[in-house]
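# Breakdown of the fold
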Amino acid sequence: MLKTNQDGKLWMVTQPDHSQIAGFIAAHWGNALFTRPGFFSAETVADPERLRAEVILAIAEHDNGWWEWEAIPDLSVADGFPAGLGEALQNQQAGIDRWRRGLTRFPRRPFVNLLISSHAYWFYAARALQTPEPAFNHPLFWKGAPDKLCPESNEALLAFMAELQKQQLGSIEELRADPETASWVEPASLAPLQRLIQLCDGISLALCSALIPSKTGASKGLGDDSYELHDVPRRSWMDRCTITVTPRGDRRIELNPYPFDIDPLPVVVRARIVELPAERPAHVHSWWHACVPQHIQFQFVSAK
Ligand SMILES: [Fe+2]
């Protein structure tokens, strides 16, 4: 659960809802300046629209390993509501198991699994590797790498990362064996898409949480922070730029340069919001399902 305290209220957004927003962002990605997902090697990819559809599905489903957790969430010791992401991630093994479960959902979609697996890999690489590839640094860490793990906890992560890499090679082989998908996994086509899943995740997280570091001061969250998106593929993987994100009030958020197909782009966040201080729910499932979700509308806009 993504939990944010703001203005005396507790906002709760589920991981699957956040993930769907990332998919929405991916489905609107691309314009005259920014290549659409799937079209980075349009001259060699036979059916870029088919590839684009796979990318959008992968990005929309990247956190589906959380389904079971969100249905029966662990509860926060502090407030009795479902635990926040930071609290849930204390259990490293459970996190690994969630990625494993998510990667079994669509056994006949090797490209979807390849992107989600790559996303998990680079998320852990930031903490487990001494020198992770900077172009795949998740927006969560845009202001600086997270603390490196101690050797013992690192070992389990390195083993899981090796498992992910092996699985990725299997998906790549499968895609290469089919002439219609072989070009999808060429680096010029694949690398920008591996980056795009991180970027759409980060943009969605900035709306649904306070996890993306603010340019200055503490993060307020829920779209109220300025931040930068680095290594954004523009026309190709060799042509990358930085997008500056700035809140402009009334839930209007400026992206400069602007990567979407329509301007403004409305984005809806589904949130459960409770006034603080709140009583601990006696029966969390009954409480959760009775709680009326609010649909908070944001707008992404270009710089005028
Ligand atoms: Fe996510």
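Residues numbered from 1 in each chain as written. Predicted model: local features only at pLDDT ≥ 70, side-chain atom pairs only at ≥ 80, totals over all residues.

Helix and strand content of the chain: nine helices and seven strands. A compact globule built from 304 residues should have a C-alpha radius of gyration of about 19 Å, and the chain, at 19 Å, falls within 12% of that. Taken over the C-alpha atoms alone, the chain extends approximately 60 × 50 × 35 Å along its principal axes. Counting over 304 residues, the chain shows a buried share of 40%. Counting only contacts in the chain whose residues sit at least 6 apart along the sequence, the fraction spanning at least 24 positions is 66%. (Helix = DSSP H or I, 4+ residues; strand = E, 2+ residues; numbered from the N terminus. Rg over C-alpha atoms; globule rule 2.2 N^0.38 Å. Buried ≥ 20, exposed ≤ 12 C-beta atoms within 10 Å, placed from the backbone. Contact = placed C-beta atoms within 7 Å.)

Leaving glycine out, the prevailing phi sign among residues is negative, and the prevailing peptide bond configuration is trans. Following Asn256, the chain continues into Pro257 via a peptide bond in cis, with omega recorded as -5 degrees. Structurally, Pro257 can be placed in the loop between strand 5 (252–256) and strand 6 (265–275). Backbone torsion omega between Asp263 and Pro264 reads 5 degrees, so that peptide bond is classified as cis. With respect to the element layout, Pro264 can be found in the loop between strand 5 and strand 6. A positive phi angle, close to 50 degrees, is found at Asp231, a residue other than glycine. By C-beta crowding, Asp231 is classed as partly exposed, having 19 other C-beta atoms within 10 Å. Phi angles above zero are rare outside glycine, and Asp250 is one such case at about 50 degrees.

The subject of this paragraph is the packing of helix 6 (residues 110–128) against helix 8 (residues 187–208). Two quantities define a packed helix pair, namely the angle between the axes and the distance from one axis to the other. Where helix 6 contacts helix 8, the axes come no closer than 9 Å and their chain directions differ by 65 degrees. The orientation of helix 6 relative to helix 8 falls into the category roughly perpendicular. As helix 6 packs across helix 8, the resulting crossing turns out to be right-handed. Along the contact surface, helix 6 presents Leu115, Ser118, His119 and Trp122, while helix 8 presents Leu193, Gln194, Ile197 and Gln198. (Axes fitted to C-alpha atoms, helices over the stretch in contact; angles between N-to-C directions. Parallel < 35°, antiparallel > 145°, perpendicular 65-115°, else oblique. Left-handed = near helix turned anticlockwise from the far one by under 90°.)

In this section: the sheet that holds strand 1 (residues 2–6). The strand order across the open sheet built from seven strands is 1-2-6-7-5-4-3, with neighbouring strands paired in mixed fashion. Looking at strand neighbours, the two that pair on one side only are strand 1 and strand 3 (227–236), the edges of this open sheet. In this sheet, neighbouring strand axes are inclined to one another by 35 degrees on average, regardless of whether the strands run parallel or antiparallel. Where strand 2 (residues 9–13) lies against strand 6, four bridges are found, and the strand directions are antiparallel. By the bridge assignment, Leu10 is partnered in strand 6 with Val274. Helix-sheet contacts for helix 1 (residues 15–27) involve strand 1, strand 2 and strand 6, and the interaxial angle to strand 6 is about 165 degrees. (Pairing = 2+ DSSP bridges.)

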